[in-house]
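Descriptive structure summary
Listed below, chain by chain, are the residues.
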Amino acid sequence: TSKTFKLNTGDSIPAIGLGTWQSQPGEVGKAVESALRGGYRHIDTAFAYGNEKEVGEGIKASGVPREEIWLTTKLDNPWHKRVAEGIERSLENLGTEYVDLYLMHWPSSTDPDDLKKHYPDWDFVDTWREMQKLVGTGKVKNIGVSNFGIKNLERLLNDPSCKIVPAVNQIELHPGNPSPKLVAYCASKGIHCSGYSPLGSSNSPLYSNETLKSIAEAKGRSIAQVILLWGIKKGWSVLPKSVNPDRVKANFELDGWDLTDEEVAKIDGVKDRFKVCGDSWLPVKVFFGDDE
Ligand code: A2P
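Residues numbered from 1 in each chain as written. Predicted model: local features only at pLDDT ≥ 70, side-chain atom pairs only at ≥ 80, totals over all residues.

As annotated in an unreviewed UniProt entry, the chain carries the name NADP-dependent oxidoreductase domain-containing protein and comes from Staphylotrichum longicolle. As stated in UniProt under Sequence similarities (unreviewed entry), the record for the chain gives "Belongs to the aldo/keto reductase family." You can read under Subcellular location (unreviewed entry) in the UniProt record for the chain the words "Cytoplasm". (UniProt positions renumbered as here; feature names shortened; annotations may be inferred.)

Here you go:
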């Protein structure tokens, strides 16, 4: 689908983007290229994925003009004290002059000399203050955050140094982790949500969910397509990852059919809760249950 969502900056973000977390080198460039050739206009990557260079090559190989593409990348945790350098590195990797969206990947600033250590004198509010300086440089069109729960968003928005409300909060969103409170909170602040791991990532239990199965059968669509359209109907953009050309293509086919309000409500009611990405690998806790 070429549907878009309007951000608080006035820019429009395509409702579906290709996710590239865990896409392997040697595969991700081709995936990006085939996605763009097949109609995608939104690619999501991050410095931490280690694939920005190949993503950039895929974009070039597609032949789609850069200005037609929404490109998102993210500031990695060990770069929080080096925001200006961080964006330069990403732009260089990607082989582009600008990104459409630059996200703070995690509300966790890590000492690059010791990844187990959180800087005592620097946190995400400081990082955001620096990120705000990028707006107007031509290097980033929009800035936002990722993996922020309500508690951290409140801290950020209430800080006097916060002059720009994040355009986007990119968070884990799928029927097993729908985070209604956080999504409603973001909406109330004018922050658009983008959903990562929208299909529940690899080995997802969602494909064997009976509710999803029966809706997919009734629609003559795949479970993945049903989940993605559900997310878009809930108001967030979806970032399905695939390196398989057939699945890349199928995930984009969300036009010409619809889910009823009743079907959306049924998916909302899926009981089994699970999360793909936790915070135990970080030096600070960032999830407090307010993301449920
Ligand atoms: P692959 O890259 O081989 O297609 P998520 O977007 O939630 O992170 O999920 C990504 C995982 O789901 C990957 O393992 C991906 O594998 C797989 N996947 C992506 N699209 C589909 C689909 N339409 N049907 C089944 N599995 C899919």
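Attention now moves to the UniProt feature "site: Lowers pKa of active site Tyr" (unreviewed entry) in the chain. The residues that UniProt annotates with the feature "site: Lowers pKa of active site Tyr" (unreviewed entry) are Lys74. The residue Lys74 is located in strand S5 (residues 70–75) in this model. Residue classification places Lys74 among the buried residues on the basis of 27 C-beta atoms within 10 Å. Aside from chain neighbours lying at most four places away, what touches Lys74 is Ala46, Phe47, Ala48, Leu103, His105 and Ser146. (Helix = DSSP H or I, 4+ residues; strand = E, 2+ residues; numbered from the N terminus. Buried ≥ 20, exposed ≤ 12 C-beta atoms within 10 Å, placed from the backbone. Contact = placed C-beta atoms within 7 Å.)

Let's shift gears to the site of the ligand. Around the ligand sit 17 residues in total, of which Leu199, Ser202, Ala224, Lys241 and Ser242 are the nearest. For the shell around the ligand, the element with the most residues is helix H9 (residues 245–252), which contributes three residues. Its residues assigned to classes, the shell around the ligand comprises six nonpolar, nine polar and two charged. (Near = placed C-beta within 6 Å. Nonpolar A, V, L, I, M, F, W, Y, C, P; charged D, E, K, R; others polar.)

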